[in-house]
Amino acid sequence: MRDLDVDALSRRYGPMVLRRCRRLLGDEEEALDACQDVFLRVIERRTRLHGEYPSSLLYRIATNVCLNRLRDRRRNPVTRDETVLYEIARAGEPGGLSEARLLLDRLFGRHPESSRTMAVLHYVDGLTLEEVAAETGMSVSGVRKRLRGLRASLTEIIG
Amino acid sequence: MKRNIPDLVLERYRLNELPERSARAVELMMADDPAIRERLDALAASDAEIQDQYPPSAFVHDRPAPSRRLVIRVAAAGGFALAALLLFVALPRTPQPPPDTERVKGTIGGRPSLALYRRTDTGSERLADGAVARPGDLLRVGYASAGRPYGLILSIDGRGAVTLHLPPSGDRAVPLTPGKMVLLDAAYELDEAPRVERFYFVTAREPFAAEPVVSAARRAAQGTVPDALPLPPGLEQVTFAIQKEARR
């Protein structure tokens, strides 16, 4: 792993990744844990770092990791953190927060991790479809299709 | 309407990792909007605060050393025999403390957490939640109790099989070791069960019986691997999943 120079990566990008995790998780302890998971994922997929801006990749991985952690919180009382994800659900339909959590749970089971990340980048972070496409290495139409799929699932689940 | 620049764009601008055209667009917007400069300044201040608070090593787990008394337990039938035994014989036996960079969990306000470590040719590696693992991988489970005194760990695989990892036998949740990440004594080999295997770390502030939790897991595991268990009141849980990749 050291041939990847993870130490240099963590020095340069650690603060950005931690900020991202703090924002999504709202808990310092958990954000630092998530931050460590992010760099672990980078280590695991080091060959895929080539040709990408590390900041984009790390930001995207941080988003994935935090979404997984938020999913695992769902049996806890509602916290302000979940309002972040609620924004995604709200893009499909209005509804109560608990309902949104249930919907998200079901969505998480249906769609790949990358789709959830795209949803956060677009609906929560405010990136345009073009920017999301650039960040994720997909075409704009591909991103649009994924987001449409998420919204269709929401509609289907809501009935 | 003026568009708010996303945080990611500003982060990349600061890191000089925006395409030239996008960087120019940020600079043009900054000329009209002093709030963008303020946001960049705030990011710089945040960098300084984080660097003061944490050394760079705090962001990266070192791979934990294996500890002694590693005992292989076969989680399910099939495919695991001599090779695992040979691997066990080859494992280092010297007890070593977790590396310094293995962060010690506090006992105030944190959440319990689970970790999975996979045996590699040169030691072991900590897996990320949702990481891909393969049949035959040798795994160890670890936990950080975050001050919860009692707990148990079980898993459900893609066939709905429930395996109790902590305690390996017995009918009560066990007293948890406080503080740092604690590795369970037993390792186990991942079997051929499909799709996903999820681990559940159930904790409480009072002693509790394992049976209601195991029964709840068996009921919930009918044809699926639930994201969470329907637990009796007073119990908390965190989970950790690994995605299963077919044997190559």
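Source: prediction; values computed, not measured.

**Some details on the overall build of chain B**
Then, number 1: Counting secondary structure elements, chain B contains 5 helices and 11 strands.
Then, number 2: Considering chain B as a whole, with its 248 residues, one finds that 31% of them fall into the buried category.
Then, number 3: Sequence separation of 24 or more characterises 77% of the internal contacts of chain B that already satisfy a separation of 6 or more.

**Thoughts on the overall build of chain A**
Then, number 1: Counting its secondary structure elements, chain A contains 8 helices and 0 strands.
Then, number 2: The linear arrangement of helices and strands in chain A, starting from the amino end, is α-α-α-α-α-α-α-α.
Then, number 3: Each of the 159 residues in chain A was classed as buried or not, and the buried ones make up 48%.
Then, number 4: Sequence-distant contacts, at least 24 apart, represent 62% of the contacts inside chain A between residues at least 6 apart.

**Here we look at the packing of helix 1 (residues 7-14) of chain B against helix 3 (residues 34-53) of chain B**
Residues and elements named next belong to chain B.
Then, number 1: At a minimum axis distance of 11 Å, the contact between helix 1 and helix 3 shows a crossing angle of 70 degrees. It follows from the interaxial angle that helix 1 and helix 3 lie roughly perpendicular. Classified by chirality, the crossing of helix 3 by helix 1 is right-handed. Contact with helix 1, carried on its side by Leu10, Glu11 and Arg14, involves Arg39, Leu40 and Leu43 of helix 3 and no other residues of that element.
Then, number 2: Looking at the contact of helix 1 with helix 3 residue by residue, the classes come out as 3 nonpolar, no polar and 3 charged.

**What to know about the environment of Ala134 of chain A**
Then, number 1: Checked against the element boundaries, Ala134 of chain A lands in helix 7 (residues 129-136).
Then, number 2: Sequence spacing of Ala134 of chain A and Ser56 of chain A is 78 residues, and the spatial spacing of their C-alpha atoms is 9.2 Å.

**Remarks on unusual backbone geometry**
Residues and elements named next belong to chain B.
Then, number 1: Here the bond from Leu166 into Pro167 is cis, since omega is -5 degrees, no more than 30 degrees from zero.
Then, number 2: Assignment of secondary structure puts Pro167 in the loop between strand 7 (162-166) and strand 8 (174-175).
Then, number 3: The phi dihedral of Asn16 falls on the positive side, at around 60 degrees, and the residue is not glycine.
Then, number 4: The phi angle at Ala146 is positive, at roughly 50 degrees, despite the residue not being glycine.
Then, number 5: Counting through the fold element by element, Ala146 comes out in the loop between strand 5 (138-144) and strand 6 (150-156).
Then, number 6: Accessibility expressed as a C-beta count within 10 Å gives 21 for Ala146, which makes it buried.

**Overview of the confidence of the model for chain A**
Parts of the model with low pLDDT should not have their predicted coordinates read in detail.
Then, number 1: Looking at chain A as a whole, the pLDDT averages 73, with 65% of positions reaching at least 70.
Then, number 2: By mean pLDDT, helix 4 (residues 82-90) of chain A is the weakest element of chain A at 44, and helix 1 (residues 6-25) of chain A is the strongest at 89.

**Focus on the nonpolar core**
Then, number 1: Among the nonpolar cores identified, the biggest contains 86 residues, and Val17, Cys21, Val38, Leu58 and Ala62 of chain A are the most heavily contacted of them.
Then, number 2: Setting aside residues no more than four positions away along its own chain, Leu58 of chain A makes contact with Tyr13, Met16, Val17, Val38 and Val42 of chain A.

**Here's the deal with the environment of Arg218 of chain B**
All names here are of chain B.
Then, number 1: You can see Arg218 is positioned in helix 5 (residues 211-220).
Then, number 2: According to the C-beta neighbour criterion, Arg218 is partly exposed, with 14 such atoms within 10 Å.
Then, number 3: Spatially, the C-alpha atom of Arg218 lies 7.4 Å from that of Gly160, the residues being 58 residues apart in sequence.

**Considerations on the packing of helix 1 of chain A against helix 3 of chain B**
Then, number 1: Running from N to C, helix 1 of chain A and helix 3 of chain B point in directions that differ by 100 degrees, and their axes come no closer than 9 Å. Here helix 1 of chain A lies roughly perpendicular to helix 3 of chain B, going by the angle between them. Residue-level inspection shows Pro15, Leu18 and Arg19 of chain A of helix 1 of chain A in contact with helix 3 of chain B, the latter providing Ser46, Asp47, Ile50 and Gln51 of chain B.
Then, number 2: When grouped by side-chain class, the residues that make up the contact of helix 1 of chain A with helix 3 of chain B number 3 nonpolar, 2 polar and 2 charged.

**Examining the environment of Val17 of chain A**
Then, number 1: Locating Val17 of chain A in the fold gives a position in helix 1.
Then, number 2: Taking the C-beta count within 10 Å as the criterion, Val17 of chain A has 28 such neighbours and is therefore assigned buried.
Then, number 3: Sequence separation between Val17 of chain A and Val38 of chain A is 21 residues, and the spatial gap between their C-alpha atoms is 8.0 Å.
Then, number 4: Setting aside residues up to four positions removed in sequence, Val17 of chain A forms contacts with Cys35, Val38, Leu58 and Ala62 of chain A together with Phe59 of chain B.

**Quick look at helix 3 of chain B**
Then, number 1: Taking 1.5 Å per residue, 20 residues should reach 28 Å; helix 3 of chain B reaches 29 Å between its end C-alpha atoms and fits that length.
Then, number 2: Taken across its 20 residues, helix 3 of chain B has 0 buried, putting it largely on the surface.

**Brief notes about the confidence of the model for chain B**
Residue and element names in this part refer to chain B.
Then, number 1: Of all residues in chain B, 77% attain a pLDDT of 70 or more, and the chain-wide mean is 75.
Then, number 2: Counting interchain partners and residues more than four positions distant, the pLDDT-below-50 stretch residues 63-109 has 80 contacts.
Then, number 3: Scoring the predicted complex yields pTM 0.49 and, for the interface, ipTM 0.73.

Analysis parameters
- Residues numbered from 1 in each chain as written.
- Chains lettered and ligands numbered in written order.
- Predicted model: local features only at pLDDT ≥ 70, side-chain atom pairs only at ≥ 80, totals over all residues.
- Helix = DSSP H or I, 4+ residues; strand = E, 2+ residues; numbered from the N terminus.
- Buried ≥ 20, exposed ≤ 12 C-beta atoms within 10 Å, placed from the backbone.
- Contact = placed C-beta atoms within 7 Å.
- Axes fitted to C-alpha atoms, helices over the stretch in contact; angles between N-to-C directions.
- Parallel < 35°, antiparallel > 145°, perpendicular 65-115°, else oblique.
- Left-handed = near helix turned anticlockwise from the far one by under 90°.
- Nonpolar A, V, L, I, M, F, W, Y, C, P; charged D, E, K, R; others polar.
- pLDDT = per-residue confidence, 0-100.
- Core = buried A, V, L, I, M, F, W, Y, C linked by C-beta atoms within 7 Å.
- Expected span 1.5 Å × (residues − 1).

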